[in-house]
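# Chain and residue survey
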Amino acid sequence: MDLLQAMKERHSVRSYANRPIEGETKENLQNYIEKCSKESGLHLQLVLDEPNAFDSFMAHYGKFSGVRNYILLAGKKNSDLEERCGYYGEKIVLFAQMLGLNTCWVAMTYKKGAAKLQLNRGEKLCLVIAVGYGLSNGVPHKSRPGESVMNVQGTPPDWFLKGIDAALLAPTAMNQQKFVFSLDRDTVSAKAGLGFYSKIDLGIAKYHFELGAGTGHFRWK
Ligand SMILES: Cc1cc2nc3c(=O)[nH]c(=O)nc-3n(C[C@H](O)[C@H](O)[C@H](O)COP(=O)(O)O)c2cc1C
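Residues numbered from 1 in each chain as written. Predicted model: local features only at pLDDT ≥ 70, side-chain atom pairs only at ≥ 80, totals over all residues.

### Topic: the site of the ligand
The condition is simple: By definition, a residue lies near a molecule or strand when the C-beta atom built from its backbone is within 6 Å of it. Secondary structure follows DSSP: runs of H or I at least 4 residues long count as helices, runs of E at least 2 residues long count as strands, and numbering of each begins at the N terminus. Residue ranges for the domains originate in an automatic or database domain assignment.
Neighbouring residues of the ligand: 21 residues in total, closest Ser12, Trp105, Met108, Pro171 and Asn175. Contributions of two or more residues to the shell around the ligand are made by β3 (102–106) and α6 (198–213). A domain-level breakdown of the shell around the ligand finds at least three residues from each of domain 1 (3–132) and domain 2 (146–216).

Structure (structure tokens):
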């Protein structure tokens, strides 16, 4: 499976089988998370076999069951922390999908206090990603029309439209898809709309856009 296919096959999964992540899969996932931590400067951490963070009223209300593994996304408090968590978190999500795992981004419906993380000074826990072997592969979400998330003059090039299609496959909080991509010659800018966690959503959508459009076609403003 390549990244484009992983992007199409990824859907949020909230019910997990009682099967541990082990062997090569565990090693590959751990190594990739470490690589993303180094590259991003974020504090990203895989927690395995820890059921407490998803053993709460909120988690059950959010229809989670069997979650025993999750990835913590934290980092130094600054203005781009959320977008960066979105971008690198989605890299990990799609990598996990290629390893045969399922995931769900979770900002609200988990027990933050129980999540096992030793924060360093000045760091903030942004959110977590549940990960494991799903009882299903989830279902595709409904999407806004492409025209409502882009701002272009005239007919946009094919690569831009492919980027938009990819961005619309991205997971967003409450499936809000509040982002707009604008094109000016070969420069693309992406803006988050108003909404909960919309900066995290923007980082996720920007990674998808890059995969769909191909980074050789444009530069970010
Ligand atoms: C930043 C962010 C926060 C989210 N928080 C939660 C959450 O607290 N609880 C939950 O059940 N789903 C949560 N989700 C999952 C979204 O509901 C889901 O991605 C969206 O409905 C689209 O569905 P899909 O992921 O299957 O494509 C979150 C997603 C994102 C991107």
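### Description of the sheet that holds strand β7 (residues 187–192)
As a reminder, the rule being used: Pairing between strands is defined by DSSP: at least two bridges between them are needed. The contact rule is simple: place each C-beta atom from the backbone, and if two of them lie within 7 Å, those residues are in contact. With axes taken as lines fitted to C-alpha atoms, and helix axes fitted only over the stretch in contact, angles between N-to-C directions fall between 0 and 180 degrees.
Read from one edge to the other, the open sheet built from 4 strands follows the order β5-β6-β7-β8, with strand pairing classed as mixed. The sheet is open, and its two edges are formed by β5 (150–151) and β8 (219–220), each paired on a single side. The pairing of strand β6 (residues 179–184) with β7 spans 6 bridges and is antiparallel. Each residue of the ladder has a partner; that of Phe181, found in β7, is Ala190. α6 rests against β6 and β7 of the sheet, and its axis sits at about 150° to β7.

### Some details on the pairing of β6
Heads up, the rule is: Viewed with both strands pointing away, a crossover whose connecting path from the first strand over the helix to the second turns clockwise is right-handed.
Taken together, the 2 bridges between β5 and β6 define a ladder with parallel strand orientation. Residue pairing across strands places Met150 opposite Phe181, the latter belonging to β6. You can see the chain leave β5, run along helix α5 (residues 158–167) and come back into β6, and the turn it takes is left-handed. Count of turn residues in the β6/β7 antiparallel hairpin: 2 residues, of which Arg185 carries a positive phi of about 55°.

### Quick notes on the nonpolar core
For the record, the criterion: Note on terminology: a nonpolar core is a set of buried residues of type Ala, Val, Leu, Ile, Met, Phe, Trp, Tyr or Cys, with members joined through C-beta atoms within 7 Å. Here the C-beta atoms are placed from the backbone, and a residue counts as buried if at least 20 other C-beta atoms lie within 10 Å of its own, exposed if 12 or fewer do, and partly exposed otherwise.
With 59 residues, the main nonpolar core has Tyr70, Ile71, Leu73, Val128, Ile129, Ala130 and Ala167 as its most contacted residues. Looking at this core, the element that brings in the most residues is helix α4 (residues 81–98), giving 9 residues. Counting the residues that make up this core, at least three belong to each of domain 1 (3–132) and domain 2 (146–216). Those residues in contact with Tyr70 that sit more than four places away from it in its chain are Val47, Ala53, Val128, Ile129, Ala130 and Val131.

### Describing the packing of α4 against α6
To keep it simple, the criterion reads: Orientation is classified from the angle alone, with under 35 degrees giving roughly parallel, over 145 giving roughly antiparallel, 65 to 115 giving roughly perpendicular, and any other angle giving oblique. A crossing counts as left-handed when the near helix is turned anticlockwise from the far one by less than a right angle, and as right-handed when that turn is clockwise.
One way to put it is that α4 packs onto α6 with a least axis distance of 6 Å and a crossing angle of 45°. Classified by the angle between their axes, α4 and α6 sit oblique to one another. Note that α4 runs across α6; the crossing there is right-handed. Residue-level inspection shows Glu82, Glu83, Arg84, Cys85, Gly86, Tyr87, Glu90 and Lys91 of α4 in contact with α6, the latter providing Lys199, Ile200, Asp201, Leu202, Gly203, Ile204, Lys206, Tyr207 and His208.

### Digging into the sheet that holds strand β1 (residues 43–47)
Reading across from one edge, β1-β2-β4-β3 is the order of the 4 strands in this open sheet, with antiparallel pairing throughout. On the outer flanks of this sheet lie β1 and β3, each paired with one strand and no other. Adjacent strand axes in the sheet meet at a mean angle of 20°, parallel and antiparallel pairs treated alike. With 5 bridges joining them, β3 and strand β4 (residues 123–132) adopt antiparallel strand pairing. Opposite Val106, over in β4, you have Val128 as the bridge partner. Here α4 sits on the sheet and contacts β1, β2 (70–76), β3 and β4; the angle it forms with β4, its principal contact strand, is near 20°.

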